[in-house]
Amino acid sequence: QVQLVESGGGSVQAGGSLRLSCAASGYTYRTYCMGWFRRAPGKEREGVAVIDSDGTTNYADSVKGRFTISQDNAKKTLYLQMNSLKPEDTAMYYCAASVPPCTLFGTDFAYWGQGTQVTVSS
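Residues numbered from 1 in each chain as written. Predicted model: local features only at pLDDT ≥ 70, side-chain atom pairs only at ≥ 80, totals over all residues. Heavy atoms only, no water.

Participant: Mind laying out the sheet that holds strand E3 (residues 18–25), listing which residues take part and the relevant values?
Facilitator: Taken in spatial order, the four strands of this open sheet run E1-E3-E8-E7, and their pairing is antiparallel. Here the strands that pair on one side only, and so sit at the sheet edges, are strand E1 (3–7) and strand E7 (67–72). Put simply, the sheet's adjacent strands are angled 15° from each other on average, direction ignored. Pairing between E7 and strand E8 (residues 77–82): six bridges, direction antiparallel. Bridge pairing in E8 places Phe 67 opposite Met 82. (Pairing = 2+ DSSP bridges. Helix = DSSP H or I, 4+ residues; strand = E, 2+ residues; numbered from the N terminus. Axes fitted to C-alpha atoms, helices over the stretch in contact; angles between N-to-C directions.)

Participant: So what's going on with the pattern of salt bridges? Residues and values would help.
Facilitator: One pass over the structure, following the stated rule, counts four salt bridges. When the shortest N-O distance is used, the salt bridge between Arg 38 and Glu 46 registers 2.6 Å. For Glu 46, a relative accessible area of 32% gives the class partly exposed. Across the pair Arg 66 and Asp 89 runs a salt bridge, and its minimum N-O distance is 2.7 Å. Of the two residues, Arg 66 is situated in the loop between strand E6 (57–59) and E7 and Asp 89 in the loop between E8 and strand E9 (91–98); the sequence distance between them amounts to 23 residues. Considered together, Arg 66 and Asp 89 belong to a single accessibility category, that of buried residues. Residues joined in a network through salt bridges with shared partners are Arg 38, Glu 46, Arg 66 and Asp 89. (Salt bridge = Lys/Arg side-chain N within 4 Å of Asp/Glu carboxyl O. Buried < 20%, exposed > 50% of the residue type's maximum accessible area, 1.4 Å probe, protein only.)

Participant: Give me the environment of Met 92: which residues, what numbers.
Facilitator: Turning to its location among the elements, Met 92 is positioned in strand E9. Non-local contacts of Met 92, meaning those with residues more than four positions away in its chain, are made with Phe 37, Arg 38, Arg 39, Gly 115, Thr 116 and Gln 117. (Contact = heavy atoms within 4.5 Å.)

Participant: Break down the packing of aromatic side chains for me, citing the residues and quoting the values.
Facilitator: In total, this model carries five aromatic pairs according to the counting rule given. Ring centres 5.0 Å apart and planes at 55° place the aromatic pair Phe 37 and Trp 112 in the tilted group. Here the residue Phe 37 occupies a position in strand E4 (residues 33–39), and Trp 112 occupies one in strand E10 (residues 111–112), the gap between them amounting to 75 residues. Among the aromatic residues, those joined into a ring-pair cluster are Phe 37, Tyr 94, Phe 109 and Trp 112. Residue placement shows Arg 19 over the ring face of Tyr 79; its charged tip is 4.0 Å from the ring centre. (Phe/Tyr/Trp six-rings, centres within 6.5 Å; stacked < 30°, edge-to-face > 60°. Lys NZ or Arg CZ within 6 Å of the ring centre and 35° of its normal.)

Participant: Summarise unusual backbone geometry; cite the residues concerned and give the values.
Facilitator: For residues that are not glycine, phi is negative in most cases, and the peptide bond is trans in most cases. In this structure, Pro 101 follows Pro 100 across a cis peptide bond, with omega equal to 10°. You can see Pro 101 is positioned in the loop between E9 and E10. Even without glycine at this site, Ser 84 takes up a positive phi of about 50°. With respect to the helices, strands and loops of the structure, Ser 84 is situated in the loop between E8 and E9.

So, in structure tokens, the structure goes:
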């Protein structure tokens with residue numbers, strides 16, 4: 001199975017950028033779909049972006065053009081580059097893994113990291 005550890009969260013002003021990282025362990029990493037999800041207090045969890053082991057990506061409409069998901073298979077690390085951040089992006093961000101096919105639905109993901117907080121101020 002896969003173990004995931006996120007890092008890179010923090011506080012920024014609107015319009016700023018952050019890069020989240022997710023270190024994955026497990027020899028089946030390359031066969032997994034990897035994704036980023038977020039949950040704000042009082043709101044439901046939402047899928048942000050997912051990426052297949054072959055590099056195919058999918059994004060939530062709310063982050064298209066601003067966020068970029070990528071992975072370094074050699075380092076077994078997943079990234080989320082977040083640009084033009086908005087206060088609405090404030091949430092706990094989670095890295096997750098599933099067996100393909102990839103979706104933006106959290107219920108399809110079996111493995112989760114502990115989360116990293118992203119706070120965007122107006």
